[in-house]
Amino acid sequence: MSKLGTRTFTLLQTLTSVGLSALAWAVTGVRPIWNGREPSNRQRIYFANHASHGDFILLSACLSEKQRARTHAVAAADYWGKSRLRRFIAQDMLSSVLIHRQWTDEAQNPISIMLSVLDEGHSLIIFPEGTRNMTDQPLLPFRSGLYNLSMARPDVELIPCWIENMSRVLPKGQFVPVPLLCRVVFGAPIAIAPGEERRAFLERARQTLLALNPRPPTHDAEKWNPVFQKASCDQNSVEPKERRDHAGSGIRHDAPRHDAPRDD
Amino acid sequence: MVVGLTAVLTTASLVAGILSWRAPKPLSSTLVNLNQRINAWWVMVVAITVAFFFGRAGMTILFALISFAALREFVTLTHSRRSDHWVLFGMFGIIIPFQYWLVWTAWYGLFTIFIPVYCFLLMPAITALHGDTERFLERVSAQQWAVMISVYCVSHVPALLTLDVPGFEGRSLLLIAFLIITVQGSDVLQYIFGKLFGRHLMSPKVSPSKTWEGLVGGLATSSLLGALLSFLTPFSPLQAAGVAFIACLMGFLGGLVASAIKRDQGVKDWGHLIEGHGGMMDRADSLVFAAPIFFHTVRYFWT
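Position numbers for residues count from 1 along each chain, tracking the sequence in the order it is written. Just so you know, chain letters begin at A and ligand numbers begin at 1, following the order they were written in. For this predicted model, a pLDDT threshold of at least 70 governs which residues receive local features, and a threshold of 80 or more governs which side-chain atom pairs are given and counted, while totals over whole chains, interfaces and linings are taken from all residues.

**What to know about the overall build of chain B**
Right, on to step 1. Numbering goes from the N terminus for both helices and strands, where a helix is a DSSP run of H or I of at least four residues and a strand is a run of E of at least two. For chain B, the count of helices and strands is 10 helices and 0 strands.
Right, on to step 2. Going from the N terminus to the C terminus, chain B shows its helices and strands as α-α-α-α-α-α-α-α-α-α.
Right, on to step 3. The globule rule used for comparison is 2.2 Å times the number of residues to the exponent 0.38, while the radius of gyration itself is calculated over C-alpha atoms. The C-alpha radius of gyration computed for chain B amounts to 20 Å, which stays within 12% of the reference 19 Å derived for 303 residues, consistent with globular compactness.
Right, on to step 4. By its C-alpha atoms, chain B is 60 × 50 × 30 Å across when sized along the principal axes.
Right, on to step 5. Residues with at least 20 other C-beta atoms within 10 Å of their own are called buried, those with 12 or fewer are called exposed, and the rest are partly exposed. The C-beta atoms themselves are positioned from the backbone. Split into buried and exposed, the 303 residues of chain B put 41% on the buried side.
Right, on to step 6. Within chain B, counting contacts between residues at least 6 apart in sequence, those at least 24 apart form 69% of the total. Contacts are defined on C-beta atoms placed from the backbone: any two residues whose C-beta positions lie within 7 Å are in contact.

Rendered as structure tokens:
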């Protein structure tokens, strides 16, 4: 813990953050969409979908320089602490907070480590799926950290952030990014309802995040699958309609699609 | 010419300003859109003027960047899988630099066949070697279209600088000016004529705003504009009108095809390059279709 010091940005961290944000913009043209709250200096926990190392860079590129200096990504110590180089990148350059996914020693308790960062008045970026999502599912089940943090610090805003396309820009196992346009959609904060159970809350948080996706994957599946195609041809319209993900996942996407006819 | 363009744009800004000032608030979407378009043209004119100042190098770099932005929008919209990563990277990292290097060195022979022959055959081969056959034809076709539209077609604009028109040496930058002014002007004129007189929709399923009246009025006036600009070119006024007519007709078709692709992909804009203005392809779709035809018309008849 003492290694992280007082958590104000060092020169190296400032340079890294400015450089990476510029790079993120050059490659992905990243643009934030604030659907819920405006950006603010309030203390927040940003929680986002995770499929790429670039996710954290993209999300923090959407924050102001001032917010960035006091927002830390939570990263897995068993991955980022593995070698000296990784630890240097994660801590000395990106000022991430490293936690152990499997812990035995109470000093390694991830919740108390994260709480200590919050208690310094800083914000966190967490990926509640717990790992980079490599499946065809849009979002894995959430781990409990989000619930535990919010129970312990109910006054910290929980902001869902949908990171678009980053899994295509820099997939797991790749080191060169492909330039594709990305957006980060920031939703309205959510909070634990009185008496809400852990599992129920985590699933609600997950659904809130899913609903932010401006282009649900069903769009593709539906066009490709002849069954869906027939149905949509009959209507001949581009109006959003309720749709179901095809076979298996059974996830409903009721979010409106932004594809109204355009006058041009 | 820069003075002329600035004058036209200033007039346009003034007219739009007066219209916005007199119109009831809040402004109708047409007026907001008009203001946005005029602002986008200002950006365009400044970028092109700067590039003009740096001559052939400036133009080549400018259009390479335009290709980059357009390709990025195209690839973002289309379906791809993880196994396409290296092909996609090659499109940005190899095809764009190489194609514009061919423009820069005026290697016409390879310039015309590099993408339609070599990339056409090698890209699907690489995809096949990755062994992922799911939606193979769809992915491969989308990649082909992406490079053809946003790299191959766009690169024909700076390639105009490599043409040696007898008696027109050293002034080929003006050909680019002629092409851009007539084609972009035609977009505007079609839009204005469509708004004023548009009654009969041309293809309601593809685009809600393209009308026969807009097309006829826009093409007639932009051909006239071409004739007036013949002093910039090696063409006689009549020839200039004809060339402008062909380029603007192609431009119209480009807009139509771009709309159809957007409809198919379920989006209204290509991207978000300039806030509120859509993406690069939203502005360049007409130029994309016009440039190769214009290039080959000039090359065939004037060199």
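**Topic: the overall build of chain A**
Right, on to step 1. What chain A contains, in helices and strands, is 11 helices and 9 strands.
Right, on to step 2. Classification of the 264 residues of chain A by burial places 36% in the buried group.
Right, on to step 3. A sequence separation of at least 24 residues applies to 70% of the contacts in chain A between residues at least 6 apart.

**Some thoughts on the confidence of the model for chain B**
Right, on to step 1. Here chain B averages 88 in pLDDT, and 97% of its residues register 70 or above.
Right, on to step 2. Here the prediction assigns the complex a pTM of 0.84, and the interface score ipTM is 0.81. As a per-residue quantity, pLDDT reports the predictor's confidence and falls between 0 and 100.

**Here we look at the UniProt feature "domain: Phospholipid/glycerol acyltransferase" (unreviewed entry) in chain A**
Right, on to step 1. UniProt positions are given in the numbering used here, feature names are shortened, and annotations may be inferred rather than shown by experiment. UniProt feature "domain: Phospholipid/glycerol acyltransferase" (unreviewed entry): in the numbering of this structure it lies at residues 44–166 of chain A.
Right, on to step 2. Each end of residues 44–166 of chain A is marked by a C-alpha atom, and these two atoms are 22 Å apart; helix forms 37% of the span and strand 20%.

**Here we look at the packing of helix α5 (residues 108–129) of chain B against helix α6 (residues 136–159) of chain B**
All names here are of chain B.
Right, on to step 1. For the pair α5 and α6, interaxial distance at closest approach is 10 Å and the crossing angle is 160°. Viewed along their axes, α5 and α6 adopt a mutual orientation that is roughly antiparallel. Where α5 crosses over α6, the two elements pack in a sense that is right-handed. Counted together, F111, I115, P116, C119, F120, M123, P124 and T127 of α5 and F136, R139, V140, Q143, Q144, V147, M148, V151, Y152 and A159 of α6 form the full contact between these two elements.
Right, on to step 2. Side-chain classes follow a simple rule in which Ala, Val, Leu, Ile, Met, Phe, Trp, Tyr, Cys and Pro form the nonpolar group, Asp, Glu, Lys and Arg form the charged group, and the remainder, Gly included, forms the polar group. The class makeup of the residues in the contact of α5 with α6 is 14 nonpolar, 3 polar and 1 charged. Axis lines are fitted through C-alpha atoms, for helices just across the contact stretch, and the angle between N-to-C directions can take any value from 0 to 180 degrees. Between 65 and 115 degrees an angle is taken as roughly perpendicular, under 35 as roughly parallel, over 145 as roughly antiparallel, and anywhere else as oblique. What makes a crossing left-handed is the near helix being turned counterclockwise from the far one by less than a right angle; a clockwise turn instead makes it right-handed.

**A few points about the domain arrangement of chain B**
Residue and element names in this part refer to chain B.
Right, on to step 1. What the domain assignment lists for chain B is domain 1 (1–53) and domain 2 (55–302).
Right, on to step 2. The split of the chain into domains comes from an automatic or database domain assignment. For domain 1 and domain 2, the distance between their C-alpha centres works out to 23 Å.
Right, on to step 3. On the domain 2 side, the residues contacting the 11 residues of domain 1 number 12 residues.
Right, on to step 4. A class-by-class count of the residues in the side of domain 1 that touches domain 2 yields 9 nonpolar, 2 polar and no charged.

**Some details on the sheet that holds strand β4 (residues 97–99) of chain A**
All names here are of chain A.
Right, on to step 1. Paired strands, in this sense, are two strands between which DSSP finds at least two bridges. Spatial ordering of the open sheet is given by β1-β7-β6-β2-β5-β3-β4, a layout of 7 strands whose pairing is mixed. Looking at which strands have only one partner, the edges of the open sheet turn out to be β1 (31–34) and β4. Each strand axis lies, on average, 25° off the axis of its neighbour in the sheet, ignoring direction.
Right, on to step 2. Inspection of the sheet shows strand β3 (residues 71–76) paired to β4 by 3 bridges, in the parallel sense.

**Considerations on the UniProt feature "transmembrane region" (unreviewed entry) in chain B**
Right, on to step 1. In the numbering adopted here, UniProt assigns the feature "transmembrane region" (unreviewed entry) to residues 41–71, 83–102, 108–130, 142–161, 173–193, 214–232 and 238–261 of chain B.
Right, on to step 2. Regarding residues 83–102 of chain B, the helix share stands at 90% and the strand share at 0%, and the terminal C-alpha atoms are separated by 29 Å.

**Considerations on the packing of helix α9 (residues 237–265) of chain B against helix α10 (residues 280–302) of chain B**
Residues and elements named next belong to chain B.
Right, on to step 1. Contact geometry of α9 with α10 gives a least axis separation of 7 Å together with a crossing angle of 140°. With respect to each other, α9 and α10 are oriented oblique. Helix-helix and strand crossings are classified by hand; for α9 and α10 the assignment is right-handed. Taken together, the residues of α10 that come into contact with α9 (itself represented by V243, I246, A247, M250, G251, F252, L253, G254, G255 and A258) are M281, D285, S286, L287, V288, F289, A290, I293, F294 and T297.
Right, on to step 2. A breakdown of the residues in the contact of α9 with α10 according to their chemical character gives 14 nonpolar, 5 polar and 1 charged.

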